[in-house]
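# Topology and contacts: notes
Chain by chain, the residues:
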Amino acid sequence: MESKLEFSIKQGAPDKQRCACVVVGVFEGGKLSSAAKILDTTSKHILSDLIARGDMSGKIASTLMLHNVPNTACERVLLVGLGKLNDLDTNNSNNSASLKILRATFAALNATPAKDALLYLVDEGIGKDAAWVITQAVLTASEQAFRADRLKSKPSKAAILKRITFATLTAPSAALKITLDQAAAIAHGMALTKTLGNLPGNVCTPTYLAAQARALAKAHKTIKTTVLEEKEMQKLGMGSLLSVARGSEEPAKLITLEYQGTDKKQKPIVLVGKGITFDTGGISLKPGADMDEMKYDMCGAASVLGTIQAIAEMGLKLNVVGVIPSCDNMPSGSATKPGDIVTSMAGLTIEVLNTDAEGRLILCDALTYSKKFNPDTVIDIATLTGACVIALGHVASGLFSNEDKLAKDLLTAGEQAHDRAWQLPLWDDYQPLLDSNFADMQNIGGRAGGTITAACFLSRFTKDYRWAHLDIAGTAWKSGKEKGATGRPVPLLTQYLINRASNKQTGISK
Ligand code: BES
Ligand code: MN
Ligand code: ZN
């Protein structure tokens, strides 16, 4: 996995610090940030001279690395262009000015042999607020330090930058220090999610995911892991889940992680993650092109593991349960065939018209199983439909809920964490598309509104509790040259849980 970065925050003037590289901002037009001004004075105007000569314009996300700046104890000074003050948009887009600045800053740092850096960026008002800047800086630094080299015979060159200190001229608040620790925990959770997502189907099997869940329980006293085998699932009547697993040699697992961060009596929030470790489509076989990407069909499961690791690391004061139904979707002589009718744990029968609509078949049993935890709220996370990629692209995750307050809380958390979702309707009007002539329902609703009918299918199994569904088919990984898991929606989920723990958004019980 990625080598862990260390983050800290402290108060102090830049001329007094010893470090491999100090980072200060310059605004467009050459106006120095407060920290840059101090270095300019102590260095006898090195900065203002080079600005006057035109070496640094302050253009957004431009960088200039300086060496041997007189009267500092830092080996290097990195100037970063902050653009125009009023350009520092507070919007959440991926091309927002502050994210560009942060990416350029860490790219410049990572191009040097500096092991530690001191960043004066928090005071400058880049981004929505200090907490936002700190969080995004931690996530950007971690993203750039991440290596997907587990299965290379020689590991890739590790990032040299190890220690990152955020420096402020005025004393940072206690809340900002907590934000920093929480951001680091989110980054670690995302790294776990990415690593698992990137592992191929022949390594990351249901058994492997179960071992990962057990390893989390070993590392954190607050986590208890249990794994149900196919026999036990059979006893519980999980005919829908098991119908997907039938075609594979790999045994299915139902993995449960119980994180107890507060009084046992407090109802848990249950996170249910789709854990298809490879989706061939089954007998309704997928086309060959890019089928390798269906190793990512367990990214919902990986995001549950990453989120639970993050909140355990934070010691968040609430109870959370992770439920992960996991199996392969393979064609074989024993595989489920189109037209087969299976009986779910809820007792509802399902006509499997397309074996490639398997996510909902494993989720419905996991959602029914989740009732046993007497949940406050259940959120499932799934790479569920290609249609969601068509609807929302790779920017927002699809969001559905049977309670508007929960949908709003999740949308807000996504905005806060820069890991956004967009709500789609769960109107009854779509439900008849799932009518079957032979069973209680069929598992597909046709091409029109494919993301919505998938959510409608799940909604039939979530009537007894407050529930939301996140379709992460477009957001969990990137394709093409940049192919790799993104770690989403760990930031959204973790932020939602942080908000719930701090009671900023108390749930209304149904
Ligand atoms: N895992 C896929 C969804 C998917 C496809 C995610 C492509 C990301 C990219 C899911 O199991 C699936 O195959 N869904 C089908 C449903 C259809 C048969 C109703 C789909 O989206 O094509
Ligand atoms: Mn499928
Ligand atoms: Zn799938």
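Just so you know, the residues in each chain are numbered from 1, in the order the chain's sequence is written. Working convention: letters from A go to chains and numbers from 1 go to ligands, in the order in which they are written. Predicted model: local features are reported for residues with pLDDT of at least 70 only, side-chain atom pairs are reported and counted for 80 or more only, and whole-chain, interface and lining totals are derived from all residues. With hydrogens and water set aside, each side-chain value is computed from the structure's full complement of heavy atoms.

### Examining the confidence of the model for the protein chain
Let me state the cut-off plainly: Per-residue confidence from the predictor is reported as pLDDT, a score between 0 and 100. It only takes one pair of heavy atoms within 4.5 Å for two residues to be counted as in contact.
In this model, the protein chain carries a mean pLDDT of 96, and residues with pLDDT of at least 70 account for 97%. In this model residues 504–510 is a low-confidence stretch, pLDDT under 50, and it forms 17 contacts with partners more than four residues away in sequence or in other chains.

### Focus: the coordination of the zinc ion (ligand 3)
So the rule is basically this: A donor here means an N, O or S atom no more than 2.8 Å from the metal, or no more than 3.2 Å when the metal is Na, K or Ca. Since water is not included, a site may seem to lack partners. A four-donor site is classed as tetrahedral when every donor-metal-donor angle falls between 85 and 135 degrees; four donors are called square planar, and six octahedral, when trans pairs exceed 155 degrees and all remaining angles lie between 65 and 115, with any other arrangement labelled irregular. Here a strand is any run of E in DSSP of at least two residues, a helix any run of H or I of at least four, and the numbering for each starts at the N terminus. Burial classes: relative accessible area under 20% of the type maximum marks a residue as buried, over 50% as exposed, and values in between as partly exposed (1.4 Å probe, protein chains only).
Around the zinc ion (ligand 3), the protein supplies Lys274 (NZ), Asp279 (OD), Asp297 (OD) and Glu358 (OE) as donor atoms, at distances of 2.0 to 2.4 Å. Considering all six donor atoms around the zinc ion (ligand 3), the spread of angles at the metal, 79 to 176 degrees, places the coordination shape in the octahedral class. We note that the donor set of the zinc ion (ligand 3) lies within a single chain, spaced as K-x4-D-x17-D-x60-E. The metal-metal distance between the zinc ion (ligand 3) and the manganese ion (ligand 2) comes to 3.2 Å, with Asp279 coordinating both. Taken together, the positions of Asp279 in strand 12 (residues 275–279) and Asp297 in the loop between strand 12 and helix 9 (299–314) put the pair 18 residues apart, joining distant regions of the chain. Taken as a pair, Asp279 and Asp297 share a single burial class, namely buried.

### Side note on the sheet that holds strand 19 (residues 441–442)
Selection rule: Two strands pair under a simple rule: DSSP has to find at least two bridges between them.
An order of 14-15-19 is seen for the three strands of this open sheet, with the pairing classed as mixed. Each edge of the open sheet carries a strand with a single partner, namely strand 14 (341–343) and strand 19. Examined bridge by bridge, strand 14 and strand 15 (residues 349–351) share three bridges and lie antiparallel to one another. Note that in strand 15 the partner of Ile341 across the bridge is Glu351.

### Thoughts on the pattern of salt bridges
Stated formally: A side-chain nitrogen of Lys or Arg and a carboxyl oxygen of Asp or Glu constitute a salt bridge if their distance falls within 4 Å.
For the structure on display, the rule yields 19 salt bridges. Put simply, Glu358 and Lys274 hold a salt bridge, and the shortest N to O gap is 3.1 Å. Residue Glu358 is found in the loop between strand 15 and helix 10 (359–369), and its partner Lys274 is found in the loop between strand 11 (269–273) and strand 12; the two are separated by 84 residues along the sequence. Judged by relative accessible area, which is 1%, Lys274 ranks as buried. The partner of Asp376 in a salt bridge is Arg500, and the shortest N-O contact between them spans 3.0 Å. Of this pair, Asp376 sits in the loop between helix 10 and strand 16 (377–382) while Arg500 sits in helix 14 (residues 490–501), placing them 124 residues apart in sequence.

### A word on the domain arrangement of the protein chain
Put simply, the rule is: Boundaries between domains were set according to an automatic or database domain assignment. By buried area we mean how much accessible surface two parts lose on assembly, using a 1.4 Å probe and totalling the loss over both. Here a polar contact means two N or O atoms within 3.5 Å. Within protein one must be a hydrogen donor candidate and the other an acceptor candidate, and residues neighboring in sequence count only if both atoms are side-chain atoms.
Assigned domains within the protein chain: domain 1 (6–171) and domain 2 (187–502). The gap between the C-alpha centroids of domain 1 and domain 2 is 38 Å. Tallying the contact residues gives 15 residues for domain 1 and 15 residues for domain 2. Surface buried jointly by domain 1 and domain 2 totals about 1,200 Å² across both partners, of which 56% is contributed by carbon and sulfur atoms. Looking at the side of domain 1 facing domain 2, the largest losses of area belong to Asn92, Phe146 and Arg150, adding up to 43% of the total buried there. In this structure, Lys194 and Glu143 form a salt bridge, with 2.8 Å as the shortest nitrogen-oxygen distance. For the pair domain 1 and domain 2, the interface holds two residue pairs in polar contact (both at pLDDT 80 or more). Per-element tally for the side of domain 1 that touches domain 2: the top contributor is helix 4 (residues 130–145), with six residues.

### Some details on the site of ligand 1
Where we set the bar: Nearness is judged by heavy atoms alone; a residue qualifies as near a molecule or strand once a single heavy atom is within 4 Å of it. Using the Shrake-Rupley algorithm and a 1.4 Å probe, accessible areas are obtained, with residue cover drawn only from the displayed protein chains.
The immediate surroundings of ligand 1 are formed by 16 residues, with Lys286, Asp297, Asp356, Glu358 and Gly386 found nearest. Separating a nitrogen atom of ligand 1 from a side-chain N or O atom of Asp297 is a distance of 2.8 Å. Within the contact set of ligand 1, a nitrogen atom lies 3.3 Å away from a backbone nitrogen or oxygen of Thr383. Burial of ligand 1 by the protein amounts to 78% of the accessible area it has alone, namely 520 Å².

### A few points about the coordination of the manganese ion (ligand 2)
Only Asp279 (OD), Asp356 (O), Asp356 (OD) and Glu358 (OE) from the protein coordinate the manganese ion (ligand 2), and they sit 2.0 to 2.2 Å from it. For the manganese ion (ligand 2), the six donor atoms in the first shell make angles of 70 to 168 degrees at the metal, so the coordination geometry reads as irregular. Donor residues binding the manganese ion (ligand 2) come from one chain and are separated in sequence as D-x76-D-x1-E. Owing to a relative accessible area of 2%, Asp279 belongs among the buried residues under this scheme. Of the residues examined, Glu358 reaches a relative accessible area of 1% and is grouped as buried.

### Digging into the sheet that holds strand 8 (residues 163–168)
Test applied: Here the axes come from fitting lines to C-alpha atoms, over the contacting stretch only for helices, and the angles between their N-to-C directions go from 0 to 180 degrees.
Read from one edge of the open sheet, six strands run 1-8-7-3-6-4, paired in mixed fashion. Among the strands making up the open sheet, the edge pair consists of strand 1 (6–11) and strand 4 (63–67). This sheet shows a mean twist of 25 degrees between the axes of neighbouring strands, independent of strand direction.

### Re the packing of aromatic side chains
Filter applied, for reference: The rule is short: rings of Phe, Tyr and Trp, with Trp giving its six-membered ring, pair when the centres are within 6.5 Å, and they are stacked under 30 degrees, edge-to-face over 60, tilted in between.
Scanning the model with the defined rule gives three aromatic pairs in all. Relative to Trp477, the ring of Tyr296 has its centre 5.1 Å away and its plane inclined at 15 degrees; by these criteria the two rings are stacked. In this pair, Tyr296 sits in the loop between strand 12 and helix 9 while Trp477 sits in strand 21 (residues 477–478), placing the two residues 181 residues apart along the sequence. Judged by centre distance (6.0 Å) and plane angle (80 degrees), the rings of Tyr369 and Phe373 are edge-to-face.

### Notes on helix 4
Which entries qualify depends on this criterion: Take the residue count of a helix, subtract one, and multiply by 1.5 Å to get its expected span.
Between the first and last C-alpha of helix 4 there are 22 Å, a value that for 16 residues agrees with the 22 Å anticipated at 1.5 Å per step. In terms of residue burial, helix 4 counts as a mostly covered element, since twelve of its 16 residues are buried. All of the buried residues in helix 4 are Trp132, Val133, Ile134, Thr135, Gln136, Ala137, Val138, Leu139, Thr140, Ala141, Ser142 and Ala145. Measuring from the side-chain oxygen of the N-cap residue of helix 4 to the backbone nitrogen of Ala131 gives 3.3 Å; that N-cap residue is Asp129.

### Things to note about helix 10
Helical geometry note: an α-helix holds 3.6 residues per turn, so side chains three or four residues apart project in the same direction. Within helix 10, eleven of the eleven residues are buried, which leaves it mostly tucked inside the rest of the structure. Taken as a whole, helix 10 has its buried residues at Gly359, Arg360, Leu361, Ile362, Leu363, Cys364, Asp365, Ala366, Leu367, Thr368 and Tyr369.

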